[in-house]
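Inside the fold
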Amino acid sequence: MSTEKNSKPRRHFASDNYAGIAPEAWAALQEANADHEPAYGNDRWTQRAADAIREVFETPCEVFFVFNGTAANSLALAHSTQSYHSVLCHEVAHVERDECGAPEFFGNGSKLLLLPGDQGRLTPAGIEDAVLRRTDIHYPKPRVVTVTQATEVGTLYSPAELRAIGAMAKRHGLRFHMDGARFANAIAALGCAPREITWQAGVDVLCFGGTKNGIHVGEAVVFFNQELAREFDLRTKQGGQLCSKMRFVSAPWLGMLRDNVWLRHAGNANRMASLMHGLVKDLPGVKVLFPVQANAVFVDLPKPVIEALWARGWLFYNFIGEGGCRLMCSWDTTEEDVRSFAADLAAACATHAK
Ligand SMILES: *Cc1c(COP(=O)(O)O)cnc(C)c1O
C-alpha cells in the first residue's frame, strides 16, 4: 500500500477488516450492555453464544472466544502439539506468512512445515508425502495439518476435498485444524451445512472468524474433538486471551448467528467479488490469478495502473498470498463501490495498458 494521501472516506478493497461493525452485532453489544453480569465468560451472553455455535454445527462442541485470529490459530495449534512436533500448512498460509511466528512461539518451537499446492490448497498426496518423507528421530514429527477455508487466495476446498484430507490426517495420526477466518464466506459460497466441512470431514478444531464477517472483535475456537479441548481455558488465560468482560466479545455472535445474518453478510461480500470479477476480467492488462470462489479477486495489474488507482485514492494490497493485487469485498461493500472501482480501473487500463 502506498499513497494514502489522496484517500477519501469510502469503502475500499484492501481488507474485509476495513469494514465497520455490522448493525446486528452492534445491536447485540448494546443489548448486552444493560446491566451487571459475571465476568470471564460466566455470563448469560457467553453461554447463549456458545449454544448458538453448537446449533450451527449441530453437534456438541467446546467453544472459546478470543480476541483475534492469530491468537485463535496459534493457541489451537499449540494445544494440538508438543514442542517437538510439526504442523503441516500451505506455503502461503496465514499461520506462516502473517502471524509473525506466533504459532511457533506459542507452540514452544513446534515447527511449521510448508507444503505446496495449487490455488492455495493442500492435497492429501502432498500431506502424505510430508509425513512419509522422514520418520526418523531427527525430524520434527508431523502432528497437525492445518487448512484455510476460504483460502488465502480466495479459493475454496470442496466438502469432498476436505473429507479426503481428513481421512489422510486420520491415517497418519494427524490432528486436523481449520483456519476459518472467512468460514462464513465459505459456507455462503458452498451452500452446504457447516457440519459437512468441519467435524463430518474430520476437523478437530476450527478457528471460526467473527471479525471479517462484521463483528467488532473476536473469533471463536471451536473444538469438535472435545478431549483436545481439555484445559484450553487455561491456555487462553496464559496467552492473554481471556477477556474479563467476555460478554462484549461473545454477545455479537448472537446478533450475527440469529436468522442467518452471518450468511447474508458473507453472501453479500461473495456476490460483490463475483461482480468485480465480471467487470474487470477482460480489461486490457488485467490478469485474474485465481478462480473467484469467495470474497476476494486477485489480479495482476501493470505497475502504472496500480499507481493510477492509488493516486485516485483507492486502497488495496499488492503483496498478499502469492502476490498480485488483492481486491477484497466486505459485508458492506455495495454494487456502487464495485462499479466505481471497476470504472477507474478500466480508465487506468485504457491509458496505461494499451
Ligand atoms: C485475517 C486472517 C486471520 C486473523 O488475523 P488477525 O489479524 O490475527 O485477526 C487468520 N487467518 C486468515 C486466513 C486471515 O485472513
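Computed from a predicted structure; not experimentally measured.

1. Some remarks on the overall build of the chain
If you tally the helices and strands in the chain, you get 13 helices and ten strands. A compact globule built from 354 residues should have a C-alpha radius of gyration of about 20 Å, and the chain, at 20 Å, falls within 12% of that. Each principal axis of the C-alpha atoms in the chain carries an extent, and together these give about 60 × 60 × 35 Å. In the chain, which comprises 354 residues, the proportion classed as buried is 54%. Of the contacts formed within the chain by residues at least 6 apart in sequence, a portion of 77% connects residues at least 24 apart.

2. Brief notes about the sheet that holds strand S4 (residues 141-148)
Sheet architecture is open: seven strands sit in the order S1-S7-S6-S5-S4-S2-S3, paired in mixed fashion. With one partner strand each, in any of the chains shown, strand S1 (62-66) and strand S3 (111-115) form the two edges of the open sheet. Strand-to-strand twist of the sheet, defined as the mean angle between neighbouring strand axes without regard to direction, takes the value 25 degrees. Contacts from helix H10 (residues 247-257) reach S1, strand S6 (205-209) and strand S7 (219-223), with the element oriented near 115 degrees to S1.

3. Side note on unusual backbone geometry
Cis rather than trans, the peptide bond between glutamine 149 and alanine 150 has omega equal to -5 degrees. Here alanine 150 shows up in the loop between S4 and helix H7 (159-171).

4. Focus on the side chain of asparagine 73
Counting through the fold element by element, asparagine 73 comes out in helix H3 (residues 69-79). In terms of polar contacts, asparagine 73 uses its side chain to reach the side chain of glutamate 99, at 2.9 Å. Within the local environment of asparagine 73, its side chain forms a polar contact with the side chain of histidine 177, the two groups lying 3.3 Å apart. If sequence neighbours within four positions are ignored, asparagine 73 has contacts with Val95, Glu99, His177, Asp179 and Cys207.

5. What about helix H11 (residues 261-280)?
Between its first and last C-alpha, H11 extends 29 Å over 20 residues, near the 28 Å set by a 1.5 Å rise per residue. Residues Val261, Trp262, His265, Ala266, Gly267, Asn268, Ala269, Asn270, Met272, Ala273, Met276 and Val280 constitute the buried set of H11.

6. Side note on the site of the ligand
Lining the immediate environment of the ligand, one finds Asn68, Gly69, Thr70, Asn73, His94, Glu99, Thr148, Glu152, Asp179, Ala181, Arg182 and Lys212. In the environment of the ligand, a nitrogen atom lies 3.4 Å from a nitrogen or oxygen atom belonging to the side chain of histidine 94. Top contributing element to the shell around the ligand by residue count: H3, with three residues.

7. Considerations on the packing of aromatic side chains
Tallied over the entire structure, the rule returns 17 aromatic pairs. Seen from their ring centres, phenylalanine 57 and phenylalanine 208 are 5.7 Å apart, and the 85 degrees between their planes marks the pair as edge-to-face. A residue pair is termed long-range when its members are at least 10 positions apart, and phenylalanine 57 in helix H2 (residues 44-57) and phenylalanine 208 in strand S6 qualify at 151 residues. The residues phenylalanine 57 and phenylalanine 208 share a single accessibility class, namely buried. Pairing phenylalanine 183 with phenylalanine 208 gives two aromatic rings, centres 5.3 Å apart and planes at 70 degrees, and the pair type is edge-to-face. Remark: phenylalanine 208 occurs in strand S6 and phenylalanine 183 occurs in helix H8 (residues 183-190); sequence separation between them is 25 residues. Given a relative accessible area of 0%, phenylalanine 183 falls into the buried group.

8. So, H7
An ideal rise of 1.5 Å per residue puts 18 Å on 13 residues; H7 measures up with 18 Å between its terminal C-alpha atoms. Those residues of H7 lying buried are Pro159, Leu162, Ile165, Gly166, Met168 and Ala169. Downstream of H7 by one or two residues, glycine 173 has phi in the positive range, about 70 degrees.

9. Considerations on the packing of H8 against H11
Remark: H8 packs on H11, axes separated minimally by 8 Å, with the N-to-C direction vectors making an angle of 80 degrees. On the basis of the axis angle, H8 is roughly perpendicular to H11. On the side of H8, the interface is formed by Phe183, Ala184, Asn185, Ile187, Ala188 and Ala189, while H11 contributes Trp262, Leu263, Ala266, Gly267, Ala269 and Asn270. A breakdown of the residues in the contact of H8 with H11 according to their chemical character gives nine nonpolar, three polar and no charged.

10. Looking at the packing of H11 against helix H13 (residues 335-352)
A pair of packed helices can be characterised by two numbers: the angle between their axes and the separation between those axes. Put simply, H11 and H13 touch, their axes get as near as 10 Å, and they point 25 degrees apart. Put simply, H11 runs roughly parallel to H13. In this structure, H11 crosses over H13, and the sense of that crossing is right-handed. Touching Met272, Leu275, Met276, Leu279 and Val280 of H11 are Glu335, Val338, Arg339, Phe341, Ala342 and Leu345, all from H13. Of the residues belonging to the contact of H11 with H13, the class tally is nine nonpolar, no polar and two charged.

Cut-offs used in this document
- Residues numbered from 1 in each chain as written.
- Predicted model: local features only at pLDDT ≥ 70, side-chain atom pairs only at ≥ 80, totals over all residues.
- Heavy atoms only, no water.
- Helix = DSSP H or I, 4+ residues; strand = E, 2+ residues; numbered from the N terminus.
- Rg over C-alpha atoms; globule rule 2.2 N^0.38 Å.
- Buried < 20%, exposed > 50% of the residue type's maximum accessible area, 1.4 Å probe, protein only.
- Contact = heavy atoms within 4.5 Å.
- Pairing = 2+ DSSP bridges.
- Axes fitted to C-alpha atoms, helices over the stretch in contact; angles between N-to-C directions.
- Polar contact = N/O pair within 3.5 Å; in protein donor to acceptor, adjacent residues only side chain to side chain.
- Expected span 1.5 Å × (residues − 1).
- Near = heavy atom within 4 Å.
- Phe/Tyr/Trp six-rings, centres within 6.5 Å; stacked < 30°, edge-to-face > 60°.
- Parallel < 35°, antiparallel > 145°, perpendicular 65-115°, else oblique.
- Nonpolar A, V, L, I, M, F, W, Y, C, P; charged D, E, K, R; others polar.
- Left-handed = near helix turned anticlockwise from the far one by under 90°.

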